[in-house]
Amino acid sequence: MKNTLLILLSIILLSCSKTPTKNTKENFDFDWKFYAGDIENVEKSNFDDSKWRTVNLPHDWSIEGNFSKNNPSFSRGGWLPTGKVAYRKTFTVPSTDKNKRIVIYFDGAYRNSEVYINGKLLGKRPFGYIAFYYDMTEHINFGKENVITVKLDNSKQPGSRWYTGTGIYRHVHLITTNKLYIPVWGNYIVANKIKNSKAEINVETTVKNDFDTNENIDISVSIFNEAGKLITSKKESKAISKNESIKHKSILTVENPTLWDINNPYQYSIRTEIIQNNKIVYTETTKTGIRTLTFNHTEGFKLNGKTVKLKGVCLHHDGGPLGAAVHKRTIERQLEKLREMGCNSVRTAHNPFSEEFLNICDEMGFLVMNEAFDEWERPKQPATTQNGKKQKITVHKYAHLFKKWAAKDLEDFILRDRNHPSVIMWSIGNEIDQMRDETGIAIGKRLVDIVHKFDYRPATNGVHGYWDMKRPNQEAAATSDIYGYNYIKQDRMDWEREQFPNVMAVITEHESAQSFYPRSTYLYGKQKEQWWNKLNYKYDDAYKWVEKRDIRGEAGMEAWRLVKESPFLMGMFIWTGWDYIGETIPFGWPARSSSFAPIDLAGFPKDGYYFYQSQWSNKPMVHIFPHWNLEGMEGKKVSVYSYTNGDEVELFQDGKSLGKQKNNTEKVEYQTWNVVYKPGELKAISYKNGKIIAEKMVKTAGKPSKIKIETRRTKMNANGQDLIYVECTILDKNGNEVPTANNLLKFNVEGAAIISGVANGDNMGLEPFKAKQRTAFNGKCLAIIQSTQKAGNIKLSITSKGLESTTINFKSN
Ligand code: GAL
């Protein structure tokens, strides 16, 4: 976590008068012992864990399990196992570190963590999404072995409205510092003031003296550009009493700064040093982006003075087949695909995300609505589908913790994340029931006060407009700086503007322009009946719910129309950017993941993806659907649709034009033709100003014959955590994609890697994610290759009965 913790400082810099200096932030992810189950005395130093299996973090135990209708996590948790688990790690602290301070840092552990060092309880942290740390110095055996035990309890189920994972699913660090130091999250950088081409950078640093003597120190703050060139620096002296903590403020100026922007996410590095007797005893480097954020009730949101519509998605924290385990590459790939869709912002629905996530948003230029809570004091009873019928079940989530923990969790969340340039606003809640009565006033105010105490960015709350359009209590609503509207429609929005013309507004959440049927699933006549029959809940609530949302997801289009045509709206966040595990509505068993998003759980785009591309991106494109393997539809009329950002589309069937249709790029539009189906080809050509800008073809494919492999990279880091996503598409002998193929693919890896997961995007696929084989779903399938800690060549072979086998080579170094 580049922003708020120590950047890896493994070099011993210089020695100070008292002790040699050492500031390190070590990766503490490897070689933990793991046990799933309830077992006593695991925290004891002498507990025998030799029979436990060894795991590396980030680790999610739930994702290793099988889907079962008997798992109490229910459809909300994706039917995966949950329970109590324990981790132990034995490590040695050298005796040369005797005068050092030793801290253990967890970026998140799900949930109800209890952490022990050498049998002593360091603390408990129930919220599974929050980062936390403990100073272990007084309990450390220097020069000897030590053991950390982490007990987690995720047994109370259903425990969430979505899949959470169970385990130490984010990174862990061991931090060793001198006794004069900046505590975790002790550096706060504000870089949002620019005047006359000069940026004022405010650096507020907490310094702590754990020595028993008063000390005189210098605090030096330096700013470097991306090339590592020193731009400016400032040094000031301070006296710091024994065991005291002081706050130091430095103001520096960067002339003609390169601004952090969506398209050029330029970051400066701020180096803070503590100097004692002319020796540097502590160094910390934090990245920052210089940019201005403006929020306005008529003009929406501006970044660096220019209006930017938030073309956003809500995301849950899971990484599909890898579950909750945080891998940098998983997040990068998600954001790359979202960026290619034209998306520029993310709402962290509905809880703190990993620090990697925000680092990558900083690096890629994404804007983040950083959200803390989904529940306040009152538990939610979300709708769930069982045997096709809608019913409500209570989940044991955060409500019982709120009174005791909310202030601390919110404070720590802001302290960890406030240096990220990507964070543009905070959200204190999502669809909070208490916002509907006066109990929401005091709580809303308390939470927003915490936000304002620790940061300059505004607070929102996704509460307006949802649930039969019942408004929140107005006084409660007014506690947020920006009104967050979930699922609001044009007529209600008009009413809101009439009543409250001066409020700042954003659509915190809305439907996506995507049907509920899984990717590439087009059902007509008998086929549809058969599909629903398989589920055994054919004509029940689920069916109606699914059918209400048509093939194009009209309501999602309307939502975007509202945002596009309302300058006062800062933007919107669709539900969701990617499918996620759990919350399988409107389906019940055997669905185990959601299907709201334009990208499926394996990362394959659905048709809705291209709708957003046509609206959100300038890269010339055209998309047509459905695919053209519609067996049984011969001679019947089929509606064919296209999305483009050109100004007209011409559709050809087997070379014959079926006519051009206009696309008004100012409006939210799609094109449609009624086409009599016969095997062959359909081609869409998009024109802008009369010139061809893009074309796309769907062609009736023959029998599955071979496998096409696509990857975004062929090299990875030999760090035991890096990944390569291998996307497989089944082709016929002429190289056409077979959109109905469901062949079983087998993956075999040789060399310096393992297969860490497989998926295919089928929200009802019950094959385990941790496997070496997978049936393709509608022509596609995914394997994820993970590096080991050894560098070397990697060969992945993919075989399937009746198909040509194929291999691909990678490198890990
Ligand atoms: C919203 C809620 C989301 C998700 C979604 C499903 O109302 O905020 O978390 O549950 O519904 O449609």
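Residues numbered from 1 in each chain as written. Predicted model: local features only at pLDDT ≥ 70, side-chain atom pairs only at ≥ 80, totals over all residues. Heavy atoms only, no water.

Asker: Quick question: what am I supposed to make of the overall build of the protein chain here?
Answerer: The helix and strand inventory of the protein chain stands at 10 helices and 47 strands. Against the compact-globule benchmark of 28 Å for 813 residues, the protein chain has a radius of gyration of 27 Å, which places it among compact chains. With the C-alpha coordinates aligned to their principal axes, the bounding extent of the protein chain is approximately 90 × 65 × 50 Å. Looking at the 813 residues of the protein chain, the share that counts as buried comes to 64%. Taking the contacts inside the protein chain whose residues are at least 6 apart along the sequence as the reference set, 71% of them involve residues at least 24 apart. Of the roughly 30500 Å² of accessible surface on the protein chain, 47% is carried by carbon and sulfur atoms. (Helix = DSSP H or I, 4+ residues; strand = E, 2+ residues; numbered from the N terminus. Rg over C-alpha atoms; globule rule 2.2 N^0.38 Å. Buried < 20%, exposed > 50% of the residue type's maximum accessible area, 1.4 Å probe, protein only. Contact = heavy atoms within 4.5 Å. Areas by Shrake-Rupley, 256 points an atom, 1.4 Å probe, with all protein chains shown as cover.)

Asker: Would you explain the UniProt feature "domain: Glycoside hydrolase family" (unreviewed entry) in the protein chain in this entry?
Answerer: Mapped onto this numbering, the UniProt entry gives "domain: Glycoside hydrolase family" (unreviewed entry) at residues 707-808. Counted over residues 707-808, helix gives 0% and strand 51%. Its end C-alpha atoms are 11 Å apart. (UniProt positions renumbered as here; feature names shortened; annotations may be inferred.)

Asker: Would you mind showing me how to read the site of the ligand here?
Answerer: With respect to spatial proximity, the complete set of residues near the ligand consists of Arg161, His350, Asn430, Glu431, Asn486, Tyr487, Glu509, Trp575, Glu583 and Phe596. A distance of 3.0 Å separates an oxygen atom of the ligand from a polar atom in the side chain of Asn430. Side-chain polar atom of Glu431 to an oxygen atom of the ligand: 2.6 Å apart, as the coordinates give it. Here the ligand has 310 Å² of accessible area as a free molecule, and 86% of this is covered by the chains. Here the shell around the ligand is built from residues that sort into 3 nonpolar, 3 polar and 4 charged. (Near = heavy atom within 4 Å. Polar contact = N/O pair within 3.5 Å; in protein donor to acceptor, adjacent residues only side chain to side chain. Nonpolar A, V, L, I, M, F, W, Y, C, P; charged D, E, K, R; others polar.)

Asker: Just checking my understanding: could you explain the sheet that holds strand E39 (residues 706-710) for this structure?
Answerer: Where strands meet in a sheet, backbone hydrogen bonds hold them as pairs that are either parallel or antiparallel. On the basis of which strands lie adjacent, the open sheet formed by 4 strands has the order E39-E41-E45-E43 and antiparallel pairing. The sheet is open, and its two edges are formed by E39 and strand E43 (753-759), each paired on a single side. When strand polarity is set aside, the average angle formed by the axes of neighbouring strands in this sheet is 30 degrees. In this structure, strand E41 (residues 723-731) lies alongside strand E45 (residues 780-787), joined through 7 bridges in antiparallel fashion. Note that in E45 the partner of Cys728 across the bridge is Cys781. In the packing of helix H1 (residues 328-341) onto the sheet, the strands contacted are E41 and E45, and the crossing angle to E41 comes to about 50 degrees. (Pairing = 2+ DSSP bridges. Axes fitted to C-alpha atoms, helices over the stretch in contact; angles between N-to-C directions.)

Asker: Please clarify how the sheet that holds strand E36 (residues 671-676) should be interpreted in this entry.
Answerer: Pairing is antiparallel across the open sheet formed by 3 strands, whose spatial order is E32-E33-E36. On the outer flanks of this sheet lie strand E32 (622-625) and E36, each paired with one strand and no other. Neighbour to neighbour, the strand axes of the sheet diverge by 25 degrees on average, direction disregarded. Two strands pair when backbone bridges link them, and E32 and strand E33 (residues 637-644) are joined in this way by 4 bridges, in the antiparallel orientation. Note that in E33 the partner of Phe625 across the bridge is Tyr641. Helix H10 (residues 607-616) rests against E32 and E33 of the sheet, and its axis sits at about 40 degrees to E33.

Asker: I would appreciate a short explanation of the packing of H1 against helix H2 (residues 355-364) in the present structure.
Answerer: Between two packed helices, what matters for the description is the angle formed by their axes and the separation of those axes. It is the contact of H1 with H2, at a shortest axis distance of 10 Å, that shows an interaxial angle of 40 degrees. Considered as vectors, H1 and H2 are oriented oblique to each other. Here H1 runs over H2; the crossing is right-handed. The segment H1 lies against H2, with Lys328, Ile331, Glu332, Leu335, Glu336 and Arg339 engaging Glu356, Phe357, Ile360, Cys361 and Met364. For the contact of H1 with H2, the per-class residue count stands at 6 nonpolar, no polar and 5 charged. (Parallel < 35°, antiparallel > 145°, perpendicular 65-115°, else oblique. Left-handed = near helix turned anticlockwise from the far one by under 90°.)

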